[in-house]
Amino acid sequence: MFGQYLTKVRSKNPMVHSITNFVTVNDVANVQLACGASPCMANHPAETADMTAIAQALNINMGNPTDTVLAGMVAAGQRSNDLGHPVVLDPVAVGTTPYRTFVVETLLREIRFTAIKGNASEMRALMGMGGHQGGVDAVEADKPTEANLTDFIQALGAFAKAEGCLAAVSGPLDLVTDGQTAYVLRNGHPKMEEVTGTGCMLSGLIAAFLGAAPEAPLEATVAAMAMMGVAGEMAWERMQADEGNVTYRNRLIDAVNLMRAEDLDARIRVEKCKA
Amino acid sequence: MFGQYLTKVRSKNPMVHSITNFVTVNDVANVQLACGASPCMANHPAETADMTAIAQALNINMGNPTDTVLAGMVAAGQRSNDLGHPVVLDPVAVGTTPYRTFVVETLLREIRFTAIKGNASEMRALMGMGGHQGGVDAVEADKPTEANLTDFIQALGAFAKAEGCLAAVSGPLDLVTDGQTAYVLRNGHPKMEEVTGTGCMLSGLIAAFLGAAPEAPLEATVAAMAMMGVAGEMAWERMQADEGNVTYRNRLIDAVNLMRAEDLDARIRVEKCKA
Amino acid sequence: MFGQYLTKVRSKNPMVHSITNFVTVNDVANVQLACGASPCMANHPAETADMTAIAQALNINMGNPTDTVLAGMVAAGQRSNDLGHPVVLDPVAVGTTPYRTFVVETLLREIRFTAIKGNASEMRALMGMGGHQGGVDAVEADKPTEANLTDFIQALGAFAKAEGCLAAVSGPLDLVTDGQTAYVLRNGHPKMEEVTGTGCMLSGLIAAFLGAAPEAPLEATVAAMAMMGVAGEMAWERMQADEGNVTYRNRLIDAVNLMRAEDLDARIRVEKCKA
């Protein structure tokens, strides 16, 4: 059922404009190519609006912006809004410094997002639920667990309703909701935490899936999150002797490249509930 | 015959100064090391002229410039011109936004290039032949084919003559000409289109080969383009089960690293003709 | 004995704030994750002091700074000094351009470093011993050898004493000294010179080890340098047919990820002497 969104990405080959950080940008581009999208990175405020106009989706990742890049994000986001393109926000490390709060407040004020996807600490910070200051990684105590799942979904649903967008948390448990319906995903592998950029890659995939299926944003986002988790599992199963975290990263993107719609449907562990 | 230029790169170990984009810069550095050159990346306009003075070639890639980096490119390009160093331009995504047109016009006005290498859409845009707006990737309809090959070579030759430099198109068919003589190359593999940065890596290789053989720029450029294509073939032949686009990227650079001059000579598929 | 510092990194999971170059930043993040640290990259001067306050160590790499990033380095370095956090400097390509001299002088004036680690040409330039202008790579004639080892250690010791910090040289022979005691390390593999960023990765590891063992900075630095060298050896032993420099880079980081404290202790080739 969710495999159909992967099929759409492969047949439509959406161009995705990413304004993202220099740490993981190469992996984001390659994972988008891996899933069948066409990545394009352009940051200069003199061109981001023009570039996004010829794309099918925009991916804004606040990993390491400069003032100029922030201006480029706003220009691109507003043009995408005007054109009705899906726009994804990855609020990297929000909650750790006052500057990150300023950046996210600027973006939320100036742009209407289709989806906001962070790790548990980032999403808690956005929801005003504290969020421990753990740098770019989620703090263990912040993560949704089977025990607090209902409460976490409710809070995320309220945030989604208030912001008028999809809200998603990635981690050992992935959650996504539009404020009415929520999905819980139980795919993935702990080794993903030893690779930089898995969160950035996921945002890149979500933008690709939204670009290919803007008519079904919630389901397309579920499919993208499932694809990342399933790729994490397949990559682990394919590890050979003496391979560590960087080869795991390579196998992860390779798995996205090789995954068929039927693999996604066969492996997805998803549960639908009320938000 | 063209393998001799690879031998020169390996024996002379030219230092190549690249001012390039943050998406693919790491792969550019590693592919230059792979072929036997010594990469150096420095962008600040306060030092680009000094840095390029101790290099043997300059590689300017307009993938994602800032105003400051553009100033750095001009300073480096002019110093390289003064010193008689080869200078390569990769006009990434030119034709997609007015800003890219401004950047390329600035560079062409301020710097004399030894070689300009783009994909088919970029080179068409530069030649005033339209070029579909496809972001960083060439649009299918723009590419040279066996059917329109003669016309494409003629247009490229006219452009080379007008600009006083080598003009090259990379893609399923590679073309390069100095306006008098043209070479058509038929190496490569379709999987290369699923890897970000193959175009950037190729510009990096061309700069390395020009740095090692500035006395024979056309032939050195042919050799660099052939090396990339042959590496794409060898990488594909070496793919193992469950390997996808990122491992293919790794095997591509590995193949450049392991390729001997005789491999290049044995596998090159090149045709010489009038421009 | 030195393996205990690796054990500390794994048990303490120090957060390391890196302000580094865009060429190798992804590898730096992944090698820090590989060894058990938690990387965080943040460059904006509006947040670097805040970000470094929640980290356990700071890694400043002057590979390709902008004016803004340089301001971010100074702000972070001063806050780290106030908080007593270890701060590492990698003076990339110092000696090649006047701008690099300006950058390093600014950093040395504004920040007290715990350790300065460069290649032989960079450290010679800092020590006022010339240093050939070889771009980012050390020039052969600059490197310490068994013949000039005593002199090199003495000069390095004097520099360490004058700067009040650890001074380290990486290369075929690694040296590190606090001005009193020096260690000579003979691990590593020549293939490391065909990979971009091995020096940057090493600085990243040193910062991670210092963040985990600030009470024993000299020994922690020895352990980090040994880990990099041993990983280079293990990676080489694990190379398969048709693998070149990029797969070697992957295997190098993988080896850091898989290395146990007892592997480090079994393989380290270290000699202690007077500086």
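All chains use their own residue numbering, which begins from 1 and follows the written sequence. Written order decides the labels, with chains lettered from A and ligands numbered from 1. Per-residue local features are limited, in this predicted model, to residues with pLDDT of at least 70; the limit for side-chain atom pairs, both in listing and counting, is 80 or more; totals at the level of whole chains, interfaces and linings are taken over all residues. Working from all heavy atoms in the structure, the side-chain values ignore hydrogens and water.

**Here's the deal with the pattern of salt bridges**
Side chains that differ in sign of charge can pair as their charged atoms come close. Definition in use: Salt bridge, as applied in this entry: a Lys or Arg side-chain nitrogen positioned within 4 Å of an Asp or Glu carboxyl oxygen. Only DSSP runs of H or I with at least four residues qualify as helices, and only runs of E with at least two residues qualify as strands; both kinds are numbered from the N terminus onward. Only protein chains enter the calculation, and the probe is 1.4 Å; a residue is then buried if its accessible area is under 20% of its type maximum, exposed if over 50%, and partly exposed in between.
Within this structure, the stated rule accounts for 52 salt bridges over all chains. Note that E146 of chain A and R186 of chain A form a salt bridge whose closest N and O atoms lie 2.8 Å from each other. Taken together, the positions of E146 of chain A in the loop between α6 (120-126) and α7 (149-163) and R186 of chain A in the loop between β8 (181-185) and α8 (198-212) put the pair 40 residues apart, joining distant regions of the chain. The partner of R260 of chain C in a salt bridge is E262 of chain C, with the nearest N and O atoms 3.7 Å apart. R260 of chain C gets classed as partly exposed once you look at its relative accessible area, which sits at 45%. Taken together, the salt bridges that share partners define one network made up of E140, K143 and E193 of chain A.

**Thoughts on the UniProt feature "binding site: substrate" (unreviewed entry) in chain A**
Our working rule: UniProt positions are given in the numbering used here, feature names are shortened, and annotations may be inferred rather than shown by experiment. It only takes one pair of heavy atoms within 4.5 Å for two residues to be counted as in contact.
Using the residue numbers shown here, the UniProt feature "binding site: substrate" (unreviewed entry) corresponds to M41 and G197 of chain A. Structurally, M41 of chain A is set in strand β2 (residues 38-41). With a relative accessible area of 6%, M41 of chain A lands in the buried category. Leave out the neighbours within four places in its chain, and M41 of chain A touches S18, V25, V28, A29 and Q32 of chain A together with V23, G63, N64 and R100 of chain B. Structurally, G197 of chain A is set in the loop between β8 and α8. Owing to a relative accessible area of 11%, G197 of chain A belongs among the buried residues under this scheme.

**A look at the interface of chain A and chain C**
Rules: Ten residues, namely Ala, Val, Leu, Ile, Met, Phe, Trp, Tyr, Cys and Pro, are considered nonpolar, four, namely Asp, Glu, Lys and Arg, are considered charged, and the remaining ones, Gly among them, are considered polar.
With 32 residues of chain A in contact, the opposing surface of chain C contributes 29 residues. For the pair chain A and chain C, the interface holds two salt bridges. Contributions of two or more residues to the side of chain A that touches chain C are made by α5 (98-110) and α10 (245-258) of chain A. If one sorts the elements of the side of chain A that touches chain C by residue count, α10 of chain A sits on top with five residues. Partitioning the side of chain A that touches chain C into residue classes produces eight nonpolar, 14 polar and ten charged.

**Points about the packing of helix α2 (residues 25-35) of chain A against α10 of chain A**
All names here are of chain A. The test is simple: Every axis in this analysis is a line fitted to C-alpha atoms, fitted for helices over the stretch in contact. Angles between the N-to-C directions lie between 0 and 180 degrees. Any angle between 65 and 115 degrees counts as roughly perpendicular, while under 35 counts as roughly parallel, over 145 as roughly antiparallel, and the rest as oblique.
Interaxial distance between α2 and α10 falls to 7 Å at its minimum, and their mutual angle equals 30 degrees. Relative to α10, the element α2 lies roughly parallel. Between α2, through D27, N30, V31, L33, A34 and C35, and α10, the contact on the second element is made entirely by R249, I253, V256 and N257. Looking at the contact of α2 with α10, its residues break down into six nonpolar, two polar and two charged.

**What to know about the relation of the copies chain A and chain C**
For the pair of chain copies, the relating operation is a rotation around an axis with a shift along it. We count it as follows: When the copies are superposed, the least-squares fit draws on C-alpha atoms of residues that have pLDDT of at least 70 in both.
You can overlay chain A on chain C at an RMSD of 0.0 Å; the transform is a turn of 120 degrees with a shift of 0.0 Å along its axis. In symmetry terms, the pair is related by a three-fold rotation axis. Of the C-alpha atoms belonging to chain A, the one lying closest to the rotation axis is found on F22 of chain A, 3.5 Å away. When the interface residues of chain A are mapped onto chain C, a mere 6% of them are again interface residues, pointing to distinct binding faces.

**Describing the sheet that holds strand β4 (residues 87-90) of chain C**
All names here are of chain C. Just so we agree on the cut-off: DSSP calls a pair of strands paired once it identifies at least 2 bridges connecting them.
If you trace the nine strands from one edge of the open sheet to the other, you get β2-β1-β3-β4-β5-β6-β7-β8-β9, paired in mixed fashion. Here the strands that pair on one side only, and so sit at the sheet edges, are β2 (38-41) and β9 (270-274). Averaged over all pairs of adjacent strands, the angle between strand axes in this sheet comes to 20 degrees, irrespective of strand direction. Of the pairings in the sheet, the one linking strand β3 (residues 57-61) to β4 comprises four bridges and is parallel in character. Bridge assignment links L58 to a residue of β4, and that residue is V87. Across the sheet, helix α2 (residues 25-35) is in contact with β1 (15-19), β2 and β3; its angle to β2 comes to roughly 155 degrees.

**A closer look at the side chain of R238 of chain C**
Tracing the chain through its elements places R238 of chain C in the loop between α9 (217-237) and α10 (245-258). With relative accessibility at 16%, the residue R238 of chain C sits in the buried group. In this structure R238 of chain C touches D242 of chain A together with E243, R251, A255 and L258 of chain C, once residues within four positions along its chain are discounted.

**Examining the sheet that holds strand β3 (residues 57-61) of chain A**
Residue and element names in this part refer to chain A. Reading across the sheet, the nine strands line up as β2-β1-β3-β4-β5-β6-β7-β8-β9 and stay open at both edges, with mixed pairing between neighbours. If you trace the sheet from one side to the other, it starts and ends with β2 and β9 (270-274), each paired once. Taken over all neighbouring pairs, the strand axes of this sheet differ in orientation by 20 degrees on average, direction set aside.

**A few points about the interface of chain B and chain C**
Test applied: A quick way to say it: buried area is the sum, across both parts, of accessible area lost when two parts are put together, with a 1.4 Å probe. Polar contact criterion, stated in full: a pair of N or O atoms within 3.5 Å, where within protein one must be able to donate a hydrogen and the other to accept it, and residues adjacent in sequence count only if both atoms are side-chain atoms.
On the side of chain C, 32 residues touch chain B, which itself brings 29 residues to the contact. In this assembly, chain B packs against chain C so that about 2400 Å² is buried in total across both faces, 51% of it on carbon and sulfur atoms. Counting every contact that joins chain B to chain C gives two salt bridges. Among the salt bridges present, the one from D242 of chain C reaches R238 of chain B, with a minimum N-O distance of 3.6 Å. At the boundary of chain B with chain C, the tally comes to 18 residue pairs in polar contact (both at pLDDT 80 or more). Elements with a contribution of two residues or more to the side of chain B that touches chain C: α2 (25-35), β2 (38-41), α3 (48-53) and α10 (245-258) of chain B.

**Observations regarding the UniProt feature "binding site: ATP" (unreviewed entry) in chain A**
All names here are of chain A. Following the UniProt record, one finds the feature "binding site: ATP" (unreviewed entry) at K117 and S170. The greatest C-alpha distance among the annotated residues, which extend across 54 residues, is 7.2 Å, indicating that they converge on a single site. By secondary structure assignment, the location of K117 is in strand β5 (residues 115-119). The exposure class of K117 is buried, given its relative accessible area of 2%. If we ignore the near neighbours within four places in the chain, the residues touching K117 are L89, D90, P91, M123, A168, S170, G199, L202, S203, I206 and M225. In terms of polar contacts, K117 uses its side chain to reach the side chain of D90, at 3.3 Å. Among the secondary structure elements, S170 is positioned in strand β6 (residues 166-170). Not counting residues within four places of it along the chain, the set of residues in contact with S170 comprises K117, G118, N119, A120, L202 and M225.

**With respect to helix α9 (residues 217-237) of chain B**
Short version of the rule: The span you would expect from a helix comes to 1.5 Å times its residue count less one.
Under the 1.5 Å per step criterion, the end-to-end length of α9 of chain B is 30 Å for 21 residues, consistent within 8% with the ideal 30 Å. Within α9 of chain B, 17 of the 21 residues are buried, which leaves it mostly tucked inside the rest of the structure.

**Brief notes about the relation of the copies chain B and chain C**
Note on the copies: chain B fits chain C at an RMSD of 0.0 Å, the axial shift is 0.0 Å, and the rotation between them is 120 degrees. The residues that chain B uses at the interface reappear at the interface of chain C in only 7% of cases, marking distinct surfaces.

**A word on the packing of helix α1 (residues 3-12) of chain C against helix α8 (residues 198-212) of chain C**
Residue and element names in this part refer to chain C. At a closest axis distance of 8 Å, the pairing of α1 and α8 adopts a crossing angle of 80 degrees. Compared by their axis directions, α1 and α8 come out roughly perpendicular. Contacts between α1 and α8 involve Y5, L6, K8, V9 and K12 on the former and, on the latter, A208, F209 and A212. Of the residues that constitute the contact of α1 with α8, the class distribution is six nonpolar, no polar and two charged.

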